[in-house]
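Report on the structure
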Amino acid sequence: MGRIFVVEREGSSYRCKFCNTQLALADDLASRAFHCRRGKAYLFNNAINFFLGALEDRIMLSGSHTVADIFCCTCGQIVGWKYEAAHEKSQKYKEGKYVLERGRIVDDIEFSTGFYVDSRSSISDSEDN
Ligand SMILES: [Zn+2]
């Protein structure tokens, strides 16, 4: 891969939970009503600072789609997927749009108030050794 250019946009945005790189603007948020295997997900009209994985045909709850995984360009974490093509007419509106998994992004408000949900289990300090 070539050199990575990270862009920073004005306005309220959603960022990679792992490295705080901007991934999408709040203005580009299309829907909060998405779900993925790992929980809630948001649909965006546009995304930034990512690279795409290989195209794959995937059967989802809403039908068959051609999608590509989205990875954060800074830390390489998978953060969601892009809909390249929808095979059902009713799902065509998703084509070219991006889904970011809610558990893998933080918004500016969460970041500034220090609210942070860590889904990893912490090491217990109450065990007898
Ligand atoms: Zn990242």
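Scroll up a little and you will see the structure.
The rules behind these values
- Residues numbered from 1 in each chain as written.
- Predicted model: local features only at pLDDT ≥ 70, side-chain atom pairs only at ≥ 80, totals over all residues.
- Heavy atoms only, no water.
- Pairing = 2+ DSSP bridges.
- Helix = DSSP H or I, 4+ residues; strand = E, 2+ residues; numbered from the N terminus.
- Axes fitted to C-alpha atoms, helices over the stretch in contact; angles between N-to-C directions.
- Salt bridge = Lys/Arg side-chain N within 4 Å of Asp/Glu carboxyl O.
- Buried < 20%, exposed > 50% of the residue type's maximum accessible area, 1.4 Å probe, protein only.

1. Focus: the sheet that holds strand β1 (residues 13-16)
- Strand order in the open sheet formed by three strands is β2-β1-β9, with antiparallel pairing between adjacent strands. Of all strands in the sheet, those bounded by a partner on one side alone are β2 (22-25) and β9 (105-107). Sheet twist, expressed as the mean angle between neighbouring strand axes with direction ignored, is 30 degrees.
- As paired strands, β1 and β9 are joined by three bridges and run antiparallel to one another. The residue bridging R15 from the neighbouring strand is V106, located in β9.

2. Some remarks on the pattern of salt bridges
- For the coordinates displayed, the defined rule picks out seven salt bridges.
- R58 is paired through a salt bridge with E56; the nearest N and O atoms lie 3.2 Å apart.
- Overall, R58 belongs to the buried group, its relative accessible area being 19%.
- Its relative accessible area of 37% is what places E56 among the partly exposed residues.
- In this structure, a network of salt bridges that share partners links the residues E56, R58 and D69.

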